[in-house]
Amino acid sequence: MRKFKTESKKLLDLMINSIYTNKEIFLRELISNASDAVDKLNFMSLTDDNMHVDQKDLAIRVSFDKDARTITVSDNGIGMTAEELERNLGTIAHSGSEEFKAENAESQGDAIDIIGQFGVGFYSAFMVAKRVRVVSRAYGSDEANVWESDGLEGYTIEPGERADHGTDVILTLRDDEPGHDGEPGENYSHYLSEWALKDLIRRYSNYVRYPIQMMVTKSRQKPKPEDAGDDYKPEYEDYEELETINSMTPIWKKRQSDVEQSDYNEFYKSTFHDFEDPARTISFHAEGALEYDALLFIPARAPFDLYSKDYEKGLALYSSNVMIMEKCADLLPDYYNFVRGVVDSADVSLNISRETLQHDRQLHAIARRVEKRITSELESMRDDDREAYEKFFENFGRGLKYGIYASYGAKASELADLLLFWSAKEQKMVTLREYVEAMPEGQKAIYYAAGDDRDRLAKMPVVTGVLGRGFDVLLCTQDVDEFTFQAMREYVARDCPKVYEDDAAREAAEKAVADGAEPETEDRHLELKNVATGDLDLASEDEKKEAEETTKEHGDLFDAMKEALGDHVEKVAVSARLGEGDTPACITTEGPLSLEMEKVLKRGPEGEVEGMPKAVRVLELNGKSPVFAKLVAAQEAGDADKVKLYAGLLYDQALLVEGLLPEDPVAFAKNVCELM
């Protein structure tokens, strides 16, 4: 017996007991290996004129012997020599298939479609087998060899017999194990049935390109005897017939009406290695100048590495069922990088190189159509299954927002209506369109607040001030939100009910509708405004006038506070946005950079670099607050130290409300103690 190396023994134990959690996949792995062996022979026959192989005879056969407790997977593929058995099976995790692909990478074309990696998945057989016997005869050889192992200590390789080229993998199943301590046992005998094997083949290997055949038991009526009387009852007999179990036709080539959703789900999970069913399945066939099939899946959850630099987007690109690229990135925009699936087009040439694909006109045409179908499916989910869409958006919404930002707003028209934000007024997620439809008459902008905590945002003075005027505020808590809105600049609500300037025009339009005319619509262009930046222009004329007069009246106070705060603020002024209440002050910003954007930039890789842009800060005071009266009194009394103390405290507390630490926490604590 040849011993497994210590490292190989550890790896083998890992393969059998840890990597595979579902024992029934052993058959899938063995069939994949058999398909590889047949593929290799098929490829060799196409490249070597001296080899004569009838492709119609290429097949995989599965059989079982209930009495001997064996399952056999046979193929008439390329076979293996004794040396190849040693190399492929004696060295665990060595992949002969991978070697073959590498050696023929430049010339394999459409003649090879390697599925498995013989030498790795092969060892899943030991999850159900106590002994595995491999009988193999290489094509062109007169000798066969037998590799045999119990999967524990080692293996043997000895001369054997096989009538023709190919490989037989014979599994002797483990004995059934009774359950104990309330845990179920293992019923390995379950696999020794025609029904179980057919079920596994169809579930896991239905799209293997070669016939997977089994002798199946069928029933037929016996011929009626000539001397049978009128009371003759038909008699039946069982017989065996060789039957092809798998469909071989790729699932994306089938009509959607002929495929169950469960079949799509199984294909998705087995192909893309997910544990959950997809949230949505998109299957379509395009004809005309460009013909192709597409089968796309929107996952139910985000992969762990979706937002890492190592994540690779792309759809599998096939031509006439032959894979050209495993992940063709050009078929998906970055904001739909989570979509998985297959595109199969005979119009894509098999000899296209990777560089040519990136500039292929037909490929770009397919990509545009794929993008539109994904967008349409997401819109349908948003409108028809809101709960599912909100779950989807929780997983993938960041990417949609980033798509608008990365395109400098160019993709806003396609993506804006897919975005969701938390409504402070409605207390639920809403689209921008739903926000606009709920706006009171006279509102001319969409208001939002950006921060890292929804509850804190809802309590901010700048938010409560807008809500108090009857306008909703979108609470944005992702770091990309404000950058997205800055890139958009405005939201265009298409086909909104027309807003009329006067009552007469409105009444005339209502009369026209009553007479059967279609209601008039218009596109509304609404600016996106951060409630913490700039002048929202929400105050009434009286409020504006009062703020201006107060600012003018107490100009000396504001100059003194500005001097005390130095470069920390651009100016100090009376606020027209803070009404009656206990909020004495707030910080707003001027220009395009808000406090939240400044925080996000600081968290970036260059956040501590000298010269990073900062928000232009304005300290706004509530002229109706008792604190303002104290400030005025201190200024009138000539108490410059107290004015300076109050200015620093108000500025620091306004920073805390914004979720920012005071720039000098020690000084802030000292000032609080001094005030006490």
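Placed above this text is the structure.
Predicted, not measured: the structure shown is a model, and the values here were computed from it. (Residues numbered from 1 in each chain as written. Predicted model: local features only at pLDDT ≥ 70, side-chain atom pairs only at ≥ 80, totals over all residues. Heavy atoms only, no water.)

Engineer: Where do I start with the overall build of the protein chain in this structure?
Structural biologist: Along the protein chain, the regular secondary structure elements total 21 helices and 23 strands. Here the protein chain, with 676 residues, has 46% of them falling under the buried criterion. A separation of at least 24 residues holds for 69% of the contacts in the protein chain among residues at least 6 apart in sequence. Here the protein chain displays about 36000 Å² of accessible surface, and carbon together with sulfur accounts for 46% of that area. (Helix = DSSP H or I, 4+ residues; strand = E, 2+ residues; numbered from the N terminus. Buried < 20%, exposed > 50% of the residue type's maximum accessible area, 1.4 Å probe, protein only. Contact = heavy atoms within 4.5 Å. Areas by Shrake-Rupley, 256 points an atom, 1.4 Å probe, with all protein chains shown as cover.)

Engineer: Any chance you could explain the pattern of salt bridges here in plain terms?
Structural biologist: Close approach of charged atoms allows side chains of opposite charge to pair. This structure, assessed with the given rule, holds 40 salt bridges. In this structure, Lys571 and Glu590 form a salt bridge, with 3.3 Å as the shortest nitrogen-oxygen distance. Of this pair, Lys571 sits in strand S21 (residues 571-574) while Glu590 sits in strand S22 (residues 585-590), and the two are 19 residues apart along the sequence. On the basis of relative accessibility, which here comes to 38%, the residue Lys571 falls in the partly exposed class. For Glu590, a relative accessible area of 32% gives the class partly exposed. Glu596 serves as the salt-bridge partner of Lys599, at 3.0 Å between the closest nitrogen and oxygen. Of the two residues, Lys599 and Glu596 are both situated in helix H18 (residues 595-603); the distance of 3 residues between them amounts to about one turn of the helix. Accessibility classification places Lys599 together with Glu596 in one group, the buried group. Connected through shared salt-bridge partners, Arg202, Lys218, Glu241 and Glu243 make up one network. (Salt bridge = Lys/Arg side-chain N within 4 Å of Asp/Glu carboxyl O.)

Engineer: I would appreciate a short explanation of the sheet that holds strand S20 (residues 521-530) in the present structure.
Structural biologist: Where strands meet in a sheet, backbone hydrogen bonds hold them as pairs that are either parallel or antiparallel. Read across the sheet, 6 strands follow the order S16-S15-S18-S17-S20-S19 without closing on themselves; strand pairing throughout is mixed. Each edge of the open sheet carries a strand with a single partner, namely strand S16 (428-430) and strand S19 (490-497). Pairs of neighbouring strands in the sheet enclose a mean axial angle of 40°, with direction left out of account. (Pairing = 2+ DSSP bridges. Axes fitted to C-alpha atoms, helices over the stretch in contact; angles between N-to-C directions.)

Engineer: Honestly, the packing of aromatic side chains in this entry has me stumped. Any pointers?
Structural biologist: The geometry of an aromatic ring pair is captured by two quantities: the separation of the ring centres and the angle between the planes. Under the counting rule described, the total for this entry stands at 25 aromatic pairs. The interplanar angle of 85° and the centroid separation of 6.4 Å between the aromatic rings of Tyr123 and Trp147 together place this pair among those described as edge-to-face. Linking Tyr123 in the loop between helix H4 (96-103) and strand S4 (129-137) with Trp147 in strand S5 (residues 144-149), this pair joins segments that are 24 residues apart in sequence. Trp147 carries the same exposure label as Tyr123, and that label is buried. In this structure an aromatic cluster arises from ring pairing among Tyr335, Tyr336, Phe338, Tyr389, Phe392, Phe393 and Phe396. Geometry around Tyr239 places Arg220 over its ring, the cationic atom sitting 4.2 Å from the centre. (Phe/Tyr/Trp six-rings, centres within 6.5 Å; stacked < 30°, edge-to-face > 60°. Lys NZ or Arg CZ within 6 Å of the ring centre and 35° of its normal.)

Engineer: Teacher, can you tell me more about the environment of Leu528 here?
Structural biologist: Counting through the fold element by element, Leu528 comes out in strand S20. The class of Leu528 is buried, set by a relative accessible area of 9%. Residues contacting Leu528, with those up to four places away along its chain left out, are Ile446, Tyr448, Phe485, Met488, Arg489, Glu490 and Tyr491.

Engineer: I would appreciate a short explanation of the sheet that holds strand S1 (residues 2-3) in the present structure.
Structural biologist: With respect to topology, 9 strands assemble into an open sheet ordered S1-S6-S5-S4-S7-S3-S2-S8-S9, the strand pairing being mixed. For this open sheet the edge positions go to S1 and strand S9 (236-244), each flanked by a neighbour on one side alone. As paired strands, S4 and strand S7 (residues 166-173) are joined by 8 bridges and run antiparallel to one another. Opposite Val134, over in S7, you have Val169 as the bridge partner. This element, helix H5 (residues 194-204), spans strand S2 (60-65), strand S3 (70-75), strand S8 (212-221) and S9 of the sheet and lies at about 130° to S8.

Engineer: Would you mind going over the packing of helix H17 (residues 555-565) against helix H20 (residues 640-657) with me for this structure?
Structural biologist: How two helices pack is summed up by the angle between their axes together with the distance between the axes. Contact geometry of H17 with H20 gives a least axis separation of 9 Å together with a crossing angle of 70°. One element, H17, and the other, H20, form an angle in the roughly perpendicular class. In the packing of H17 onto H20, the handedness of the crossing is right-handed. Residues Leu557, Ala560, Met561, Ala564 and Leu565 of H17 lie in contact with H20, whose contacting residues are Val643, Lys644, Ala647, Gly648, Leu650 and Tyr651. A breakdown of the residues in the contact of H17 with H20 according to their chemical character gives 9 nonpolar, 1 polar and 1 charged. (Parallel < 35°, antiparallel > 145°, perpendicular 65-115°, else oblique. Left-handed = near helix turned anticlockwise from the far one by under 90°. Nonpolar A, V, L, I, M, F, W, Y, C, P; charged D, E, K, R; others polar.)

Engineer: When you look at the nonpolar core in this model, what are you seeing that I'm missing?
Structural biologist: Nonpolar side chains in soluble globular proteins tend to end up buried together. Grouped together as the largest cluster of nonpolar side chains are 76 residues, with contacts concentrated most on Tyr336, Phe392, Leu400 and Tyr447. By residue number, the principal contributor to this core is helix H8 (residues 361-384), which donates 7 residues. Non-local contacts of Phe392, meaning those with residues more than four positions away in its chain, are made with Ile298, Phe338, Leu378, Met381, Gly397 and Leu400. Ile25, Tyr155, Leu197 and Ile201 belong to the second-largest nonpolar core, a separate cluster that totals 45 residues. (Core = buried A, V, L, I, M, F, W, Y, C linked by side-chain atoms within 4.5 Å.)

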